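Residues per chain are reported as follows:
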Amino acid sequence: SNKMAAVENLRQQIRALATSSNRLEACKALLHSMLEESLGMVASRQLLTDFSALLEAEVALPTSQRTISSSDLKEMCRLTLEAVQARAAAFEDQLSNIRQTLAQQHENDEEWAEAASVLMAIPLESGHRTVTDDTRLQIYLKIAALLLENDDAVQADAYVSRASALVASTKLPHLELQFKAHLARIQDSKRKFLEAARRYYELSLVADAGEAAAILTCAVNCAVLAPAGQPRARMLATLFKDERTRALPSFGILEAMYLDRIVRGPQLDRFAATLKDHQRALTSDGTTILARAIVQHNMLASSRLYTAISFTELAALLQTTPDRAETVAVAMIREGRMAGSIDQVAGLLCFSEAAGRDMRSWETRVHDLCVEVNDALEAVRSSR
């Protein structure tokens, strides 16, 4: 019939679109023809499905193998969304596919905010079509990932919260891992470093071998940046005792912090170079996050060496000013992260007996000694 012939002709035009010399104009004309009411809803939906499949296949190809440029592909997606907008409820599946293709191209071009915005426009609760929980979970997690790439942890957190209501029912392990990874990155971005370190570490235990080292490095970095105190000490102990951390570039600073050594100099500079942009940010007092963490750690480390120390001497040890050393000491004592008292008349910081001795259990200290002896034996063997 004439209708079947028209549909077949339009299919041929779709296939020819990739090599058309005037592609955008041809696309406009083709969309107008595909949406003609005389074709019928079923035919129009099938043609739009074929058209979206063409764009989806194109965006999946390596750049060198494509026949449609990035700018043309994005414009073709936009033209389609505009053409179908008036009848969007009738073509939700096809428009969803087009939006995902457009978002993928924005992602390929590292346009994170644009890609997230496109995916946000997909109706997942409209009632006009059935969307599975796994599909909704996948889209929420994708939006969160794009927002995190765009350093928008606040909005990403909102989409991870939506995903949290769906993740318990999924049977797809990769979606569960994505969810856990996003949670860790959000805590990291929000400077909740201790919680981020825990989440990164848990993730490293179930991640693929190829990804585990990078995730473990994130855990170590966050543990180093976390506020000094017993919770952080426990996290450092967990990481130090994990044999995998010995192969990491950041193991040196992890070891020094776990063993309560003063940290400064080239070791600190090397570690600082590995931090992400948000981890290099300034705090409210004008110092970097790392500088604050190191001052707090070194203050706790000095409590293992002294029963009392003047703020002038402490400032020299911490490479800061006496006023800054006193401010940090007051905050740590008040928050229960360091046991001690301040003699303002004498200008002294007095560490309590509990702070001056090693807080780790006897078994832990024996374990540490065995680890160091083993490392020494390995070094001797390797030198022969």
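For the structure itself, consult the block above.
Throughout what follows, the structure given in this document is the object of discussion.

**Considerations on the layout of surface pockets**
Counted as a void, the largest pocket has a volume near 450 Å³. Forming the walls of the largest pocket are 20 residues, and the residues nearest its centre are Gln 100, Gln 104, Glu 107, Gln 138 and Lys 142. For the lining of the largest pocket, the elements supplying multiple residues, two or more each, are α3 (41-60), α5 (92-108), α7 (133-149) and α9 (173-189). Residue composition of the lining of the largest pocket, grouped by class: eight nonpolar, nine polar and three charged.

**Some words on the pairing of strand β2 (residues 340-343)**
Looking at chain direction, β2 and strand β3 (residues 348-351) are connected through four bridges and run antiparallel. For Asp 343, the partnering residue across the bridge sits in β3 and is Leu 348. From the end of β2 to the start of β3, which pair antiparallel, there are four residues, and Gly 347 there has a positive phi angle of about 70 degrees.

**Focus on a nonpolar patch on the surface**
On the surface, a nonpolar cluster with roughly 250 Å² of combined accessible area is contributed by Leu 177, Leu 205 and Val 206. Relative to the assigned elements, Leu 205 resides in the loop between α10 (193-204) and α11 (209-225).

**A few points about the environment of Glu 37**
With respect to the helices, strands and loops of the structure, Glu 37 is situated in the loop between α2 (23-34) and α3. You can call Glu 37 exposed: its relative accessible area is 68%. Linking Glu 37 and Arg 185, residues 148 residues apart in sequence, is a C-alpha distance of 48 Å.

**Some points on the environment of Asp 285**
For Asp 285, the location among the structural elements is in the loop between α14 (266-272) and α15 (289-302). The partly exposed category is assigned to Asp 285, whose relative accessible area is 41%. Separated by 103 residues in the primary sequence, Asp 285 and His 182 have C-alpha atoms spaced 29 Å apart.

**Digging into the pattern of salt bridges**
Per the stated rule, a full pass over the model turns up 19 salt bridges. One salt bridge in this structure joins Arg 136 and Glu 125, with 2.6 Å as the shortest N-O distance. On the criterion of sequence distance, the pair formed by Arg 136 in helix α7 and Glu 125 in the loop between α6 (112-120) and α7 is long-range, its members being 11 residues apart. Residue Glu 125 is classed as exposed on the basis of its relative accessible area, which comes to 57%. Shared partners join several salt bridges into a network, and the residues in it are Lys 74, Asp 109 and Glu 111.

Reading the values: rules and limits
- All residue numbers refer to positions counted from 1 along the written sequence of the respective chain.
- Per-residue local features of the predicted model are confined to residues with pLDDT of at least 70, and side-chain atom pairs are confined, for both listing and counting, to 80 or more; whole-chain, interface and lining totals are unaffected and use all residues.
- Only heavy atoms go into the side-chain values, all of them from the structure, while hydrogens and water stay out.
- The method works on a 1 Å grid over the protein atoms by themselves. A cavity is a set of points holding a 1.4 Å probe that cannot get out, a pocket is an open set with protein on both sides within 12 Å along at least five of seven lines, and residues with an atom within 4 Å of a point line them.
- Grid points are joined across faces, edges and corners, and a volume is the space filled by probe spheres set on the points.
- A run of H or I in DSSP counts as a helix once it spans at least four residues, and a run of E counts as a strand once it spans at least two, with each numbered from the N terminus.
- Asp, Glu, Lys and Arg are counted as charged, while Ala, Val, Leu, Ile, Met, Phe, Trp, Tyr, Cys and Pro are counted as nonpolar; the rest, among them Gly, fall into the polar class.
- A pair of strands is treated as paired once DSSP finds two or more bridges between them.
- Patches were defined on residues exceeding 30% relative accessible area and lacking a salt bridge, with like-charge contacts within 9 Å and nonpolar side-chain contacts (Val, Leu, Ile, Met, Phe, Trp, Tyr) within 5 Å.
- What sets the accessible areas is the Shrake-Rupley method with a 1.4 Å probe; for residues, cover comes only from the shown protein chains.
- By convention in these notes, a salt bridge is any Lys or Arg side-chain nitrogen within 4 Å of a carboxyl oxygen on Asp or Glu.
- Only protein chains enter the area calculation, which uses a 1.4 Å probe; residues under 20% of their type maximum are buried, those over 50% are exposed, and those in between are partly exposed.

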